[in-house]
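This is what each chain is made of:
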Amino acid sequence: MIGYHQGEIEVQEKSCLREEASRISKIIRNDIPDVAARFIERQVMLIIGLKDEKGFVWASLVYGEPGFVKAVDQQTISVLSLPFKSDPLFVGMKAGNNLGILAIEFATRKRMRLNGLITQVHDTGFNVKTREVYSNCPKFIHSRKFSGFETMKSIETKKSTQLDKGQIEKIRLADTFFIATHHLESGADVSHRGGLPGFVHIVDPCTLVIKDYTGNAMFNTLGNLVENPQMGLLFLDFEAGDLLQVNGEATVQWEGTEKSIYFNVRQIRSVIGGFPLRWEFGSYSPFNPPILDQN
């Protein structure tokens, strides 16, 4: 069994879920079982997260036709895709760096984490030796059907240090986003968050609040934040084909056993036309809590 680090244990204990987390930890392994290999090899997109050379944590994605990801052996995956050269993650794609990977299949509401060490980077992709391989529950994943790739025509990249009105509106309407975090010893991790539109509370152009919904009791993301406040968010516009990356620092704030992530925005990268994958919306997850405080 692969153990939890102290930050994860702290959140599990304060949530009164330590026993459940210990039981669930038995699913974590360092090799890739056949069912996991088949799952990742049919994907068209991977969400990735890592810490760059300056210590900033970012979330992004790589993509390709089914088969662009291959399980080479029981502990190695080969990915024939790289982030854009202008992407903050591009410079961090180096052998020896830790990479968090999330494979998510919206149509079936399935997801899998494959965290590990980058062992090779070449002109068209990279290899990763897996350290943690495990599936997550289907909670809060909204069903979407992949409808194909769209030719990338006009791409407009904008960088800033606070959210503008258009970016705030995209976040207000978002029902899905992804979080990248990093732990000094356990490495990078990237996770999924879903809810009804409005579930990300926008306090001001530099502050977001994300209520933590009950999930698998592992608290990988929150546990990492306890020990390293650096966090990266990725919002994908499934209809318009845009993406929004946000970096900053986060703290976990408590009300009894309930908790929220308070996120201070530091760096923003918005790419209009930078997400050429299209999905048709199916239905919201049946687990979504109601939105009590509208933005």
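Residues numbered from 1 in each chain as written. Predicted model: local features only at pLDDT ≥ 70, side-chain atom pairs only at ≥ 80, totals over all residues. Heavy atoms only, no water.

The next thing to look at is the overall build of the protein chain. When helices and strands are counted, the protein chain shows 5 helices and 17 strands. Projected onto its principal axes, the C-alpha coordinates of the protein chain cover approximately 45 × 45 × 40 Å. A fraction of 70% describes how many contacts in the protein chain between residues 6 or more apart in sequence connect residues 24 or more apart. With the model as given, the accessible surface of the protein chain reaches about 13,000 Å², and the carbon-plus-sulfur share is 51%. Of the charged side chains in the protein chain, 33 are positive and 34 negative, and the gap between their average positions amounts to 2 Å. (Helix = DSSP H or I, 4+ residues; strand = E, 2+ residues; numbered from the N terminus. Contact = heavy atoms within 4.5 Å. Areas by Shrake-Rupley, 256 points an atom, 1.4 Å probe, with all protein chains shown as cover. Lys, Arg positive; Asp, Glu negative; His and termini not counted. Charge placed at Lys NZ, Arg CZ, Asp CG, Glu CD.)

The subject of this paragraph is the sheet that holds strand 3 (residues 69–73). Strand order in the open sheet made by the 7 strands is 2-1-5-6-7-4-3, with antiparallel pairing throughout. The two strands at the open ends of the sheet, each matched to only one other strand, are strand 2 (57–63) and strand 3. Neighbour-to-neighbour, the strand axes of this sheet turn through a mean angle of 35 degrees, independent of strand direction. Strand direction decides the pairing type here: strand 1 (residues 45–51) and strand 2, joined by 7 bridges, are antiparallel. (Pairing = 2+ DSSP bridges. Axes fitted to C-alpha atoms, helices over the stretch in contact; angles between N-to-C directions.)

With that settled, consider the packing of aromatic side chains. On inspection of all chains with the given rule, the structure shows 14 aromatic pairs. Arranged with centres 5.1 Å apart and planes meeting at 50 degrees, the rings of phenylalanine 140 and tyrosine 213 form a pair that is tilted. With phenylalanine 140 in the loop between strand 7 (125–136) and strand 8 (143–149) and tyrosine 213 in the loop between strand 13 (207–211) and helix 5 (220–227), the pair connects residues that are 73 residues apart, well separated along the chain. Considering the side-chain rings of phenylalanine 177 and phenylalanine 235, the 5.1 Å spacing of their centres and the 25 degrees angle between planes classify their relative orientation as stacked. (Phe/Tyr/Trp six-rings, centres within 6.5 Å; stacked < 30°, edge-to-face > 60°.)

Glancing now at the pattern of salt bridges. By the definition in use, this model includes 16 salt bridges. For glutamate 150, the salt bridge goes to arginine 278, with nearest N and O atoms at 3.0 Å. A residue pair is termed long-range when its members are at least 10 positions apart, and glutamate 150 in the loop between strand 8 and strand 9 (156–160) and arginine 278 in strand 17 (residues 277–283) qualify at 128 residues. Accessibility expressed as a relative area gives 42% for glutamate 150, which makes it partly exposed. Across the pair glutamate 169 and arginine 172 runs a salt bridge whose closest N-O atoms are separated by 2.6 Å. On the criterion of helical spacing, the pair formed by glutamate 169 and arginine 172 is a turn pair, its members being 3 residues apart in helix 4 (residues 165–173). Counted as one network, the salt bridges with shared partners bring together Lys170, Asp237 and Asp242. (Salt bridge = Lys/Arg side-chain N within 4 Å of Asp/Glu carboxyl O. Buried < 20%, exposed > 50% of the residue type's maximum accessible area, 1.4 Å probe, protein only.)

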